[in-house]
Amino acid sequence: MAEVVFDQASRIYTPGAKPAVDSLDLTVADGDLVVLVGPSGSGKSTALRMLAGLEPIDAGSVRIDGRDVVDVPSKDRDIAMVFQNYALYPSKTVAENMAFPLKMRGMGKEERAQRVRQAAEMLGLTDFLDRKPKALSGGQRQRVAMGRAIVREPQVFLMDEPLSNLDAKMRVQTRAQIAEMQNRLAVSTVYVTHDQVEAMTMGDKVAVLADGKLQQYATPPELYDRPINSFVAGFIGSPAMNLLDLPRSSSGVTLGGIEIPLPREVSDAAGSRDRLTVGIRPEDWVLESTGSDAGSVVKAVVDVVEELGSESYLYAHLAEDTSTSIVVRGPGRVQVRFGDPIAVRPNPDALHVFDAETGQRLP
Amino acid sequence: MTATMERPAAPETTGGAPMIDRAEGWRRRAPLLPALIFTIIVTQIPFILTLWYSLQSWNLVRPGSQEFVWFSNYADVFADSQFRTVALNTVIMTLGSVLIAVVLGLLLALLLNRQFVGRGVVRTLLITPFLITPVAAALLWKTVLLDPTLGLINFVLTPFGASGTEWISNYPLASVMAALIWQWTPFMMLLLLAGLQSMPTDQLEAARVDGASAWSTFRELTLPHLRRFIELGVVLGTIYLVNIFDQVYMMTQGGPGVASANLPFYIYQRAFLGFDIGQSAAMGVVVVILTLIAANFALRLIFKSFSGEEEAA
């Protein structure tokens, strides 16, 4: 149980080049599961490896439970890690794999066996203790890797994309198991993924990284409702938020020939900028009848319809400006097909407005 | 060997495939026949002739002495105490050289598996002994290194009061083995270096996080991973070194007595210096049978290792 603090921590692979992790400030509260999420090359795995002691910390510091670990070797940091490819030891059985960290710490044979048995029961691995990793399925290997981490009872769990090698169904199932187990053990956990669904469903808090920099660190609802910049807005949510570069009008912005009024404080914050990036989530469009008055709706033409059963997504381009594409969430059953005209209206209370240049949220 | 090879499915009996008549089958095999016949001529005919000679008493210096004596040559071979000494020499020379070369090769491979300045140069220098012709290497060891008056070894040891040692006369077997080990260590090193470099890094990182020391990581993870590479090195090295001739011939001529002779050299001596064709043929047959038994076990071992028993978790 411990609090983990990244304090201006940086990793610079080649001097002079852009840091892989740039002055990261992040606090993981005791017992929380924090997800680091971002596209490839965002520095999320590097940040985790810095915490694990597998990458040096070139500037700043990292503290575990108040102790600066910059010069502490991996094995003395009291952490356990689950690797993307599980990194099981192929010559050892499941039981030996799970007991390995205990053996390396000089724990007696009987206590080792008892702890392994407990962990195996928790993970449903009791029947496989004598097998070699090669004789296990992907999901079982993943659980052995988890088991090897939890027998240690470490202060912090580190997980580097632990679900990325599982099939979709297994991934959803294991996702829930990990979240449940983490709650039960109440061990601070740092979890790296590129999958924003994992981030939103598992994290107590989520840190979005891009280009080595922390973009936003917040709870999942806050991340969804108030993305701090257009990168986070576009990254969180599936399908992604519609981000439209729109010209200002007297009281708001103009989209597809209609005027969308902006709330007062947004207008004030926007000042004299003549273009704004406006973000509208797919579910924040209202589908209107195509016969509606031309002045109040945006006309669009459907390109693709994705029917998911409970809802459907319409991918369309604007009738007036064919280079602008939008995604609209509709009800589960829609009558429109490729090439059909639709009319939509954005929900004025759910707009996200960003500076067109910097991408920062306004206000 | 044949036991371990997959027998190609006979075209006539392949299930599902269209039936092929005998003539068509032979027409398809025909292009392979010259190679097969050539192989039979150069390997099997000499062997059968050797079997024939081994049943005869035949000394080349006594013309007309050739007569059929059944298995008395074999009885002589097993009664020959020199043959037993030489057989033991062969085992010591082969296994000793191979095992020491594996250990040294492992140490050098571990060294080369690290990053350091000039690694490329060091690697090239370490491989060089393997590239030298065995005869030249033997000559190098005999004269440049081990010569009692001019040799570098004695020169280096002089300050420690060990000058003038007659290495080749006093330690003939060890001297030949030193030359063999020197030549074969680079081979083992390359093989084991390839093994080390195929070790998944995430396992090593996992071991670091799990708290393993460098020694535990080596013993618990690296060595099991290298096991099949070590086995391959031992088997290949043994197959080659059991037949070694050049170093023995060049450095000691098997002497003094038969102190440093191995089986190939002893058979050569019996056949071409002693001109006793019958007995040397019998020895050859005995050696072939023993080698087949040993090779069978060894090959079974490496085929088992490389069938991927515990590959890639």
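Residues numbered from 1 in each chain as written. Chains lettered and ligands numbered in written order. Predicted model: local features only at pLDDT ≥ 70, side-chain atom pairs only at ≥ 80, totals over all residues. Heavy atoms only, no water.

Once that is clear, we can look at the overall build of chain A. A tally of regular secondary structure across chain A gives nine helices and 21 strands. If you line up chain A on its principal axes, its C-alpha atoms span 80 × 45 × 35 Å. Burial status across chain A gives 52% buried among its 363 residues. In chain A, once contacts between residues fewer than 6 apart in sequence are set aside, the share between residues at least 24 apart is 66%. (Helix = DSSP H or I, 4+ residues; strand = E, 2+ residues; numbered from the N terminus. Buried < 20%, exposed > 50% of the residue type's maximum accessible area, 1.4 Å probe, protein only. Contact = heavy atoms within 4.5 Å.)

All names here are of chain A. Spatial strand order, S11-S14-S20-S21: four strands in an open sheet with antiparallel pairing. Of all strands in the sheet, those with a lone pairing partner are strand S11 (242-247) and strand S21 (361-362), marking the two edges. Relative to strand S20 (residues 352-355), strand S14 (residues 275-280) is paired through four bridges, and the arrangement is antiparallel. Pairing of Gly 279 across the sheet is with His 352, part of S20. (Pairing = 2+ DSSP bridges.)

We now examine the UniProt feature "domain: ABC transporter" (unreviewed entry) in chain A. Per the UniProt annotation, the sites labelled "domain: ABC transporter" (unreviewed entry) are residues 4-236 of chain A. Between the end C-alpha atoms of residues 4-236 of chain A the distance is 24 Å, and the span holds 36% helix and 24% strand. (UniProt positions renumbered as here; feature names shortened; annotations may be inferred.)

Here we take up the pairing of S14(A). Residue and element names in this part refer to chain A. Burial within S14 is extensive, with five of its six residues counted as buried. Both S11 and S14 contribute to a ladder of six bridges, which runs antiparallel. When the sheet's bridge partners are listed, Leu 246 is paired in S14 with Leu 276.

Glancing now at the interface of chain A and chain B. The parts lose accessible area when they come together, and the size of an interface is often stated as this lost area. Counting residues at the interface gives 27 residues for chain A, matched by 20 residues for chain B. Interface of chain A and chain B: buried area, both sides summed, is about 2100 Å²; carbon and sulfur atoms make up 56% of it. Here chain A and chain B share four salt bridges between them. Put simply, chain A and chain B have eight residue pairs in polar contact (both at pLDDT 80 or more) between them. It is helix H2 (residues 94-104) of chain A that contributes the most residues to the side of chain A that touches chain B, four residues altogether. Along the lines of polarity and charge, the residues of the side of chain A that touches chain B split into 13 nonpolar, four polar and 10 charged. (Buried area = accessible area lost by both parts, 1.4 Å probe. Salt bridge = Lys/Arg side-chain N within 4 Å of Asp/Glu carboxyl O. Polar contact = N/O pair within 3.5 Å; in protein donor to acceptor, adjacent residues only side chain to side chain. Nonpolar A, V, L, I, M, F, W, Y, C, P; charged D, E, K, R; others polar.)

All names here are of chain B. When we look at burial in helix H6 (residues 134-145), the residues that qualify are Ala 137, Ala 138, Trp 141 and Leu 145. Buried residues of H6, seen end-on, are gathered within an arc of 100° and therefore sit on one face of the element. Check the buried side of H6 and you find it contacts helix H7 (152-157), helix H9 (172-197) and helix H12 (246-251). (Arc of directions from axis to C-beta.)

Under the criterion given, the structure shown has 21 aromatic pairs over all chains. Taking the centre distance of 4.7 Å and the plane angle of 65° together, the rings of Tyr89(A) and Phe100(A) count as edge-to-face. Here Tyr89(A) is found in the loop between strand S6 (79-82) and H2, whereas its partner Phe100(A) is found in helix H2, with 11 residues between them in sequence. For the pair Phe265(B) and Tyr268(B), a centre-to-centre distance of 5.7 Å together with 45° between the ring planes defines the contact as tilted. Residue Phe265(B) and its partner Tyr268(B) are located together in helix H13 (residues 263-273), separated by three residues, close to a single helical turn. Tyr268(B) sits in the partly exposed class, given a relative accessible area of 23%. Between Lys205(A) and the ring centre of Tyr217(A), over which it is positioned, the NZ or CZ distance is 4.3 Å. The positively charged end of Arg281(A) is found above the aromatic ring belonging to Tyr224(A), 3.8 Å away from the centroid. (Phe/Tyr/Trp six-rings, centres within 6.5 Å; stacked < 30°, edge-to-face > 60°. Lys NZ or Arg CZ within 6 Å of the ring centre and 35° of its normal.)

Bringing the side chain of Arg112(A) into the picture now. Mapped onto the fold, Arg112(A) is located in helix H3 (residues 109-123). Although Arg112(A) is buried, it makes no salt bridge; Glu220(B) carries the closest opposite charge, 7.9 Å away. (Lys, Arg positive; Asp, Glu negative; His and termini not counted.)

Here we come to the pairing of strand S16 (residues 298-307) of chain A. Residue and element names in this part refer to chain A. As judged from the four bridges shared by S16 and strand S19 (residues 341-346), these two strands associate in the antiparallel manner. Within the sheet, the bridge partner assigned to Val 301 lies in S19 and is Pro 341. As paired elements, S16 and strand S17 (residues 311-318) share seven bridges and run antiparallel to each other. By the bridge assignment for S17, Glu 307 is matched with Ser 312.

Residues and elements named next belong to chain A. The full count for this structure, using the stated rule, is 23 salt bridges over all chains. Linking Asp 245 and Arg 275 is a salt bridge whose minimum nitrogen-to-oxygen distance equals 3.3 Å. Taken together, the residues span a long stretch of sequence, with Asp 245 in strand S11 and Arg 275 in strand S14 at a distance of 30 residues. Classification of Asp 245 by relative accessible area gives partly exposed; the value is 44%. Residue classification places Arg 275 among the partly exposed positions, given a relative accessible area of 38%.

Residues and elements named next belong to chain A. Partitioning chain A into structural domains gives domain 1 (4-235) and domain 2 (242-362). On a C-alpha basis, the centres of domain 1 and domain 2 stand 39 Å from each other. At the junction of the two partners, domain 1 supplies 10 residues and domain 2 supplies eight residues. Taken together, both faces of the contact between domain 1 and domain 2 bury some 790 Å²; the carbon and sulfur share is 48%. Considering only the side of domain 1, the residues that lose the most area to domain 2 are Tyr 224, Pro 227 and Ser 230, jointly responsible for 51% of the buried surface there. Counting every contact that joins domain 1 to domain 2 gives zero salt bridges. At the junction of domain 1 and domain 2, the tally comes to five residue pairs in polar contact (both at pLDDT 80 or more). Within the residue set of the side of domain 1 that touches domain 2, elements represented by two or more residues are helix H7 (220-225) and helix H8 (230-235). By residue class, the composition of the side of domain 1 that touches domain 2 is five nonpolar, three polar and two charged. (Domains from an automatic or database assignment.)

With that settled, the discussion passes to the nonpolar core. In terms of nonpolar packing, the biggest core is built from 50 residues, with Phe83(B), Met93(B) and Met251(B) touching the most fellow members. Sorting the residues of this core by element identifies helix H3 (72-79), helix H4 (81-112), H6, H9, helix H11 (214-241), H12, H13 and helix H14 (277-305) of chain B as the ones contributing at least two each. The leading source of residues in this core is H9(B), at 13 residues. Once residues within four sequence positions are removed from consideration, Met251(B) is found in contact with Ala138(B), Trp141(B), Lys142(B), Leu146(B), Ile168(B), Ser175(B), Val176(B) and Ala179(B). Ranked by size, the runner-up nonpolar core spans 43 residues in total, among them Met98(A), Ala99(A), Leu123(A) and Leu166(A). (Core = buried A, V, L, I, M, F, W, Y, C linked by side-chain atoms within 4.5 Å.)

Residue and element names in this part refer to chain B. H9 packs onto H6 with a crossing angle of 130° between their chain directions and a minimal axis gap of 10 Å. If you check the angle between H6 and H9, you find them oblique. For the pair H6 and H9, the crossing hand works out as right-handed. Contact with H6, carried on its side by Pro 134, Ala 137, Leu 140 and Trp 141, involves Ala 178, Ala 179, Trp 182 and Gln 183 of H9 and no other residues of that element. When the residues that make up the contact of H6 with H9 are grouped by side-chain class, the tally is seven nonpolar, one polar and no charged. (Axes fitted to C-alpha atoms, helices over the stretch in contact; angles between N-to-C directions. Parallel < 35°, antiparallel > 145°, perpendicular 65-115°, else oblique. Left-handed = near helix turned anticlockwise from the far one by under 90°.)

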